[in-house]
Amino acid sequence: LFFLVDGTARFICLTESGALIPFGIASDLVVFGEIASLHQQDPDASVQAISDVYCLGLSLEANRDKILNDNKFLRYVIDILSEKVQSLDRSITAFLSATITERLASYLLQVNNNGKLNVTVKNCADSIGGSYRHTNRVFSLFVEEGALKKINGKYFIVNSDILLKHCKQNNFN
């Protein structure tokens, strides 16, 4: 069980095709690993530091019985899970109502590594629920607008503000 005390991290899932799908960002005091740890399950997601982070870890092998019998802690976990469910509901609603352009802009902002995009158009299309052709057209639009640059077959974000504007057109970010 981990407590993120300081810094920013993102939660990501690895699909069967090998694509990374980011699904949340956390900063400062956040608990993660509560479900997998308490129920001795393998985690469904990974956590990746976006900045320098400071975490505290609690060994559940030594403390599981104490934690499972601590009503204050269990209520805290219930509150955390309630917030996560509400956030997921909002994210799904925003995702379903967003255009492919908005989804792609948001996705690219989440998966870039210092501006470099280590994803293919096909991976992006699969991750945002769009067709390859439509996603490719949006990549071309982003290049024309000056948000992206294509060098040797790889894309780079050169103006994140343009992508951010696409995200905010329908408050999808």
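An account of the accompanying structure is given in this report. These numbers come from a predicted model, not from an experiment.

1. Details of the overall build of the protein
Each helix and strand counted, the protein has 7 helices and 9 strands in total. Here the C-alpha coordinates of the protein stretch approximately 60 × 30 × 30 Å along the principal axes. Considering only residue pairs separated by 6 or more positions, the protein has 60% of its internal contacts joining residues 24 or more positions apart. As presented, the protein carries roughly 11,000 Å² of accessible surface, and 51% of it is formed by carbon and sulfur atoms. In the protein, the 17 positive side-chain charges and the 18 negative ones have mean positions that sit 8 Å from each other.

2. Description of the packing of helix 5 (residues 121–128) against helix 6 (residues 132–145)
One can describe the packing of helix 5 onto helix 6 by two numbers: an axis separation of 9 Å at closest approach and a directional angle of 110 degrees. With respect to helix 6, the element helix 5 is oriented roughly perpendicular. Both helix 5 and helix 6 take part in a crossing whose hand is right-handed. Contacts between helix 5 and helix 6 involve V121, K122, C124, A125 and I128 on the former and, on the latter, Y132, T135, N136 and F139.

3. Focus on the environment of G129
With respect to the helices, strands and loops of the structure, G129 is situated in the loop between helix 5 and helix 6. For G129, the residues in contact, after removing those within four places along its chain, are F95, I100 and R103.

4. Some thoughts on the sheet that holds strand 8 (residues 148–151)
If you walk across this open sheet you meet the 3 strands as 7-9-8, and the pairing is antiparallel. The outermost strands of the open sheet, each flanked by one partner alone, are strand 7 (116–117) and strand 8.

5. Quick word on the packing of aromatic side chains
Across all of its chains, the model carries 4 aromatic pairs by this definition. Relative to Y76, the ring of F73 has its centre 6.5 Å away and its plane inclined at 45 degrees; by these criteria the two rings are tilted. Remark: Y76 and F73 occur in helix 3 (residues 71–97); sequence separation between them is 3 residues, near one turn of the helix. Look at Y76 and you get partly exposed, because its relative accessible area is 37%. Taken together, a centroid distance of 4.5 Å and an interplanar angle of 45 degrees make the contact between F139 and Y155 tilted. Within this pair, whereas F139 is found in helix 6, its partner Y155 is found in strand 9 (residues 154–157), the two being separated by 16 residues in sequence. The class of Y155 is buried, set by a relative accessible area of 8%.

Conventions adopted
Residues numbered from 1 in each chain as written. Predicted model: local features only at pLDDT ≥ 70, side-chain atom pairs only at ≥ 80, totals over all residues. Heavy atoms only, no water. Helix = DSSP H or I, 4+ residues; strand = E, 2+ residues; numbered from the N terminus. Contact = heavy atoms within 4.5 Å. Areas by Shrake-Rupley, 256 points an atom, 1.4 Å probe, with all protein chains shown as cover. Lys, Arg positive; Asp, Glu negative; His and termini not counted. Charge placed at Lys NZ, Arg CZ, Asp CG, Glu CD. Axes fitted to C-alpha atoms, helices over the stretch in contact; angles between N-to-C directions. Parallel < 35°, antiparallel > 145°, perpendicular 65-115°, else oblique. Left-handed = near helix turned anticlockwise from the far one by under 90°. Pairing = 2+ DSSP bridges. Phe/Tyr/Trp six-rings, centres within 6.5 Å; stacked < 30°, edge-to-face > 60°. Buried < 20%, exposed > 50% of the residue type's maximum accessible area, 1.4 Å probe, protein only.

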